[in-house]
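One letter stands for each residue in the lines below.
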Amino acid sequence: MDTIFVLNSNKQVIDVLSNNGSNPSAPFFDDIYKAELDTGAETYEFTTLGNPRTCVTLEVGNYVLFKYNGKYKLFQIMETTDEHTEGKKLLTCYCEMAGMELLNDYCEPFSIEGNFITFLNTVLQDTNWQVGLYSASLLDNIQMVSTTEPENVYSLIQNNLATFGGVEVEFRVEFVGNQLVAMLIDCYESGTRGNRTH
């Protein structure tokens, strides 16, 4: 990974951090990407040079986007810290995956009998997210799921992964021509995340 796109709160590209070239103006380093397979939760942390440019674009609430293992990942900046070392000002950003915004989206009460894809389409219908790739085997596992009061979408998904046999989810985005065109949740049969799906 050698490029990070910076997006504003409206998810429009406003800057690019790059390690390409012999003298990049906004390099990044010490980056740490963590993913939890059982929940799909991901965090990302990186450091760059603190200067008038990065201090404006890398602010809490903005987003960073990068390609990891062939997939575009979108994270929101949750916290930034400044530090002076060896005569340089460094800016470190702690980010959480954009899928966490589903904590602020609520699903009205429902009752369905269906597979995980039916369930996911139901809970995502009023959000910015949609079903992406999925394991064909998930279509065969039919369960009853209901909720009697409005619940946040992220918790609903997490609470029902086990209901459908331990589904593994991965949040990703589609990014074409510097435009964010889709926000997707890929779904895998337990133990198969990263394997081929359709």
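What comes next is a walk through the structure. (Residues numbered from 1 in each chain as written. Predicted model: local features only at pLDDT ≥ 70, side-chain atom pairs only at ≥ 80, totals over all residues. Heavy atoms only, no water.)

1. Observations concerning the overall build of the protein
Okay, step 1: When helices and strands are tallied, the protein shows three helices and 14 strands.
Okay, step 2: Looking at the protein residue by residue over its 198 residues, the buried ones come to 47%.
Okay, step 3: Excluding contacts between residues fewer than 6 apart, the proportion of contacts in the protein whose partners are at least 24 apart in sequence is 58%.
Okay, step 4: On the protein, the mean spot of the 11 positive side-chain charges and the mean spot of the 27 negative ones are 9 Å from each other. (Helix = DSSP H or I, 4+ residues; strand = E, 2+ residues; numbered from the N terminus. Buried < 20%, exposed > 50% of the residue type's maximum accessible area, 1.4 Å probe, protein only. Contact = heavy atoms within 4.5 Å. Lys, Arg positive; Asp, Glu negative; His and termini not counted. Charge placed at Lys NZ, Arg CZ, Asp CG, Glu CD.)

2. Focus on the pattern of salt bridges
Okay, step 1: Counted by the stated rule, this structure contains seven salt bridges.
Okay, step 2: One salt bridge connects R53 with D15, and the closest N-O pair in it is separated by 2.8 Å. Linking R53 in helix α1 (residues 52-57) with D15 in strand β2 (residues 13-18), this pair joins segments that are 38 residues apart in sequence.
Okay, step 3: A relative accessible area of 32% places R53 in the partly exposed class.
Okay, step 4: With a shortest N-O distance of 2.9 Å, E170 and K73 are connected by a salt bridge. A residue pair is termed long-range when its members are at least 10 positions apart, and E170 in strand β13 (residues 168-176) and K73 in strand β6 (residues 71-85) qualify at 97 residues. (Salt bridge = Lys/Arg side-chain N within 4 Å of Asp/Glu carboxyl O.)

3. A closer look at the pairing of strand β1 (residues 3-7)
Okay, step 1: Among the five residues in β1, five count as buried, and that is most of the element.
Okay, step 2: Across the two faces of β1 the burial is the same, with T3, F5 and L7 and I4 and V6 all buried.
Okay, step 3: Looking at chain direction, β1 and β2 are connected through five bridges and run antiparallel. The residue bridging F5 from the neighbouring strand is V16, located in β2.
Okay, step 4: Where β1 folds back on β2, the antiparallel hairpin that results is connected by five residues, among which K11 adopts a positive phi of roughly 65°.
Okay, step 5: Relative to strand β5 (residues 63-68), β1 runs antiparallel, the two being bridged by three bridges. Bridged to F5 within β5 is L65. (Pairing = 2+ DSSP bridges.)

4. Structural notes on helix α2 (residues 116-124)
Okay, step 1: Of all nine residues in α2, seven are buried; the element is thus mostly enclosed.
Okay, step 2: For α2, the full list of buried residues reads F116, I117, F119, L120, T122, V123 and L124.

5. Description of empty space enclosed by the protein
Okay, step 1: Scanning all chains against the criterion turns up one cavity of 30 Å³ or more.
Okay, step 2: Volume-wise, the largest cavity comes out at about 30 Å³.
Okay, step 3: Forming the boundary of the largest cavity are E42, L74, M97, A98, G99, W129, F171, R172 and V173.
Okay, step 4: Considering each element in turn, the lining of the largest cavity owes the most residues, three residues, to β13. (1 Å grid on protein atoms, 1.4 Å probe; cavity = no way out; pocket = protein on both sides within 12 Å on 5 of 7 lines; lining within 4 Å. Points joined across faces, edges and corners; volume = space filled by probe spheres on them.)

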